[in-house]
Amino acid sequence: MTKVTIYSIADALGVSGSTVSRAFTRPDQVRDDVRARILAKADELGYQPNKSARRLATGRTGAIGLFIPDITNPFFPPLVRAIQQAAADNDASVIMVDAGESTSAEAALIRRLAGQVDGVIVASPRGTPARLRDALGSTPAIVVNREMMHSTTVICDNSAALAQAGDHLRDLNHETVALLHGPSASWAARQRASAIRKWAASADVELIELGPFEASYEGGREGAAAFADSPATAAFAFDDLTACGVVAGLAERGLSVPGDRSIVGCDDVLLARVLTPKLSTVSAPIGRLGAAAVELLGEVMAGKQPDSLRIQGDFTPRQSSGPAPRT
């Protein structure tokens, strides 16, 4: 079969090859009705644009960058998938870098990534805003899961959902509740702690703050030791992975969940639903976060200044939270 080219389309429509080229590379320079005819004919003929040639013409790489702090944390794989799917719908590819939970490597990795792509999605950065902006330079960017002044961000606001989780524990007669702090450098950990403190003050519940602990299974096991030694009968873990470690650590000390202690996680990743007992947790709309990040990044790359987006989480009670044990 003869390969379909822009000139094949041009001959079929009686327009110039340069007009067809601009329809793909500079669509704003082609009348809407003409571009619609060109795209329809290209689809009819099975035309496949030469992306390398398009990139040379536009100065665009056709790729967006994605920085994540730790791919082993189960929150991030579904976020990566959502971003990849949204990018593919926009005919873009994704180049991802993983910091391996190394805050010190973050700026260098982001700087290297920014030089290879048209725009960057930065998820859950731990460094200071100044270092992040310096690393990004002039590259268009969106920040996910962290609020930053003078930056477009997409976050999941779990404040109301955490208050719902707290009310759930209070209704189960838990009068003393532990907050197992997440990593000290994590913006999300600070926000969740603030929301839980606010709930505890309004609910007249004693709040015991423990940690910080790493956002990992081992971090949860360490948190379990502190939780077990405290008078708290229920606890908020930073995330679901940490909560899984707490459940295991309590079991090692002869304490059952939810019989002896109750635990609430955050993010509602797959682990929350396959754990025994199934985990009561705050559900983060990860798919919506990823799709929104790609959409807003496209606007920033187009020279716009879109408003930041705040998406609400939901509380999902399951089996890891039960009535407070009788004393």
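Just above sits the structure.
Here's a quick rundown of the structure. Treat the numbers as computed from the prediction; the structure is a model and nothing was measured.

1. Notes on the side chain of Thr-152
Right, on to step 1. Residue position: Thr-152 is located in the loop between strand S4 (141-144) and strand S5 (153-157).
Right, on to step 2. Polar contacts involving the side chain of Thr-152 include one to the main-chain carbonyl oxygen of Pro-306, which spans 3.2 Å.
Right, on to step 3. Dropping the residues within four chain positions of it, Thr-152 is found in contact with Ile-142, Val-143, Leu-296, Val-300, Pro-306, Asp-307 and Ser-308.

2. A short note on the packing of aromatic side chains
Right, on to step 1. In total, this model carries two aromatic pairs according to the counting rule given.
Right, on to step 2. Ring centres 5.2 Å apart and planes at 90° place the aromatic pair Phe-75 and Phe-76 in the edge-to-face group. In terms of burial, Phe-75 and Phe-76 fall into one category: buried.
Right, on to step 3. Ring centres of Trp-199 and Phe-236 lie 5.9 Å apart, and the angle between their planes is 70°; this geometry places the pair in the edge-to-face category. With Trp-199 in helix H9 (residues 187-203) and Phe-236 in strand S8 (residues 234-236), this pair connects stretches of sequence that are 37 residues apart.

3. Remarks on the nonpolar core
Right, on to step 1. One finds Ile-64, Phe-75, Leu-79, Ile-121, Ile-142, Val-144 and Val-154 to be the most contacted residues of the largest nonpolar core, which totals 28 residues.
Right, on to step 2. Secondary-structure elements contributing two or more residues to this core are strand S1 (63-68), helix H5 (76-89), strand S3 (119-123), S4, S5 and helix H13 (286-301).
Right, on to step 3. The element that contributes the greatest number of residues to this core is H13, accounting for nine residues.
Right, on to step 4. Not counting chain neighbours up to four residues away, the residues in contact with Ile-64 comprise Ile-83, Ala-87, Ser-93, Val-94, Ile-95, Val-117, Gly-119, Ile-121, Val-294, Leu-297 and Met-301.
Right, on to step 5. With 22 residues, the next largest nonpolar core counts Ile-208, Ala-235, Ala-243 and Ala-272 among its residues.

4. A short note on the pattern of salt bridges
Right, on to step 1. The tally for this structure, following the rule as stated, stands at 13 salt bridges.
Right, on to step 2. Note that Lys-41 and Glu-44 form a salt bridge whose closest N and O atoms lie 3.3 Å from each other. Here Lys-41 and its partner Glu-44 are both found in helix H3 (residues 32-45), three residues apart, which amounts to about one turn of the helix.
Right, on to step 3. The network of salt bridges with shared partners includes Glu-147, Asp-157 and Arg-310.

5. Side note on H5
Right, on to step 1. Helix length check: H5, at 14 residues, gives a terminal C-alpha distance of 20 Å against a target of 20 Å (1.5 Å per residue), a fit within 8%.
Right, on to step 2. Of all the positions in H5, only Phe-76, Leu-79, Val-80, Ala-82, Ile-83, Ala-86 and Ala-87 are classed as buried. The buried residues of H5 all sit within an arc of 165° when viewed along its axis, so they share a single face. Residues of H5 that are exposed and point more than 90 degrees away from the buried face comprise Arg-81, Gln-85, Ala-88 and Asp-89.
Right, on to step 3. Those residues of H5 that are buried lie in contact with S1, strand S2 (93-98), S3, S4 and H13.
Right, on to step 4. Backbone geometry just downstream of H5 places Asp-91 in the positive-phi region, at approximately 60°.

What counts, and where the lines are drawn
Counting from 1, residues in each chain are numbered in the order their sequence is written. Two thresholds apply to this predicted model, a pLDDT of at least 70 for residue-level local features and 80 or more for giving and counting side-chain atom pairs, whereas whole-chain, interface and lining totals are computed over all residues. Note that water and hydrogens are dropped before the side-chain values are worked out from all heavy atoms of the structure. The way it works is that DSSP assigns letters per residue, a run of H or I at least four long becomes a helix, a run of E at least two long becomes a strand, and they are numbered from the N terminus. The definition of a polar contact used here is a pair of N or O atoms within 3.5 Å, where within protein one atom must be able to donate a hydrogen and the other to accept one, and adjacent residues in sequence count solely through side-chain atom pairs. Whether two residues are in contact is decided by their heavy atoms, any of which lying within 4.5 Å being enough. Here the aromatic set is Phe, Tyr and Trp, taking the six-membered ring for Trp, and pairing holds for ring centres within 6.5 Å; pairs whose planes are under 30 degrees apart are stacked, those over 60 apart are edge-to-face, and all others are tilted. Each residue is assigned to one of three classes by its accessible area relative to the maximum for its type, calculated with a 1.4 Å probe on protein chains only: buried under 20%, partly exposed between the two thresholds, exposed over 50%. Throughout, nonpolar core names a set of buried Ala, Val, Leu, Ile, Met, Phe, Trp, Tyr and Cys residues whose side chains join them through atoms within 4.5 Å. Between Lys or Arg on one side and Asp or Glu on the other, a salt bridge is scored when a side-chain nitrogen of the former is within 4 Å of a carboxyl oxygen of the latter. The span one expects for a helix is its residue count, reduced by one, times 1.5 Å. As used here, the arc belongs to the directions running from the helix axis to the C-beta atoms.

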